[in-house]
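Analysis of the macromolecular model
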Amino acid sequence: MDDLQRAYDLRHRSDRARLEGRFVEALGEATEAVALYADLPDRALDLANALRLKALALDALDQPGQAIVNWSEARRLYADLGIAEGVTECDARLAM
């Protein structure tokens, strides 16, 4: 399996784990997905989505300081890509 497929799988497993309340697992998978996407060219949207999942897991685990870092980076990427919905969600989370 190549890094792109692995990152995709991890991102979706993270989302599933988060929805099932397994936040530690969701965080680990999102963190690994972020690291993989960061090393792949032209994957800014995938990276933003993985950062979002990581931030959601951090929020659920009551780690707001680390969540803010990830929300901020996801927001920057969404803004660069012109994804208004992503920017709006990040702004709302950062305002909490």
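Structural data are supplied above this passage.
Below you will find a few notes about this structure.

Rules and cut-offs
- Residues numbered from 1 in each chain as written.
- Predicted model: local features only at pLDDT ≥ 70, side-chain atom pairs only at ≥ 80, totals over all residues.
- Heavy atoms only, no water.
- Helix = DSSP H or I, 4+ residues; strand = E, 2+ residues; numbered from the N terminus.
- Expected span 1.5 Å × (residues − 1).
- Buried < 20%, exposed > 50% of the residue type's maximum accessible area, 1.4 Å probe, protein only.
- Contact = heavy atoms within 4.5 Å.
- Core = buried A, V, L, I, M, F, W, Y, C linked by side-chain atoms within 4.5 Å.
- Axes fitted to C-alpha atoms, helices over the stretch in contact; angles between N-to-C directions.
- Parallel < 35°, antiparallel > 145°, perpendicular 65-115°, else oblique.
- Left-handed = near helix turned anticlockwise from the far one by under 90°.
- Nonpolar A, V, L, I, M, F, W, Y, C, P; charged D, E, K, R; others polar.
- Arc of directions from axis to C-beta.

Another point: helix α2 (residues 23-38). Spacing of three or four residues puts side chains on the same side of an α-helix, whose turn is 3.6 residues. The first and last C-alpha atoms of α2 sit 22 Å apart over 16 residues, in line with the 22 Å expected at 1.5 Å per residue. Within α2, burial applies to A26, L27, E29, A30, A33, V34, L36 and Y37. Residues of α2 that are buried sit in contact with α1 (3-19) and α3 (44-60).

A word on unusual backbone geometry. Although it is not a glycine, D42 sits at a positive phi angle of roughly 60 degrees. Mapped onto the elements, D42 comes out in the loop between α2 and α3. Taking the relative accessible area as the measure of exposure, D42 reaches 77% and is therefore exposed. We note that D62 has phi near 55 degrees; this positive angle belongs to a residue other than glycine.

Below, the discussion takes up the nonpolar core. Of all hydrophobic cores here, the largest spans 26 residues; its most connected members are Y37, L47, L51, W71 and Y78. Where this core is concerned, the elements lending two or more residues are α1, α2, α3, α4 (64-81) and α5 (84-94). Ranked by residue count, the leading element in this core is α3, at 9 residues. When neighbours within four sequence positions are excluded, W71 is seen to be in contact with R52, A55, L56, D59, E89, C90, R93 and L94.

Once that is clear, we can look at the environment of R6. Structurally, R6 is set in helix α1. With residues near it in sequence (within four places) discarded, R6 still touches M1, E32 and L36.

Moving on: the packing of α1 against α3. At a closest axis distance of 10 Å, the pairing of α1 and α3 adopts a crossing angle of 25 degrees. Comparing the axis directions of α1 and α3 gives the class roughly parallel. Judged by the twist between their axes, the crossing of α1 over α3 is left-handed. Facing R11, S14, D15 and R18 of α1, the residues of α3 in contact are D46, N49, A50, L53 and L56. Grouping the amino acids of the contact of α1 with α3 by side-chain chemistry returns 3 nonpolar, 2 polar and 4 charged.

Let's shift gears to α4. The end-to-end C-alpha distance of α4, which contains 18 residues, comes to 25 Å, matching closely the 26 Å that a straight helix rising 1.5 Å per residue would cover. Those residues of α4 not exposed but buried are A67, N70, W71, A74, L77 and Y78. Down the axis of α4, the sector holding all buried residues measures 130 degrees, keeping them to one side. Those residues of α4 that are exposed and aimed more than 90 degrees away from the buried face are V69 and D80. Where α4 is buried, its residues contact α3 and α5. Within two residues after α4, G82 carries a phi angle of roughly 75 degrees, on the positive side.

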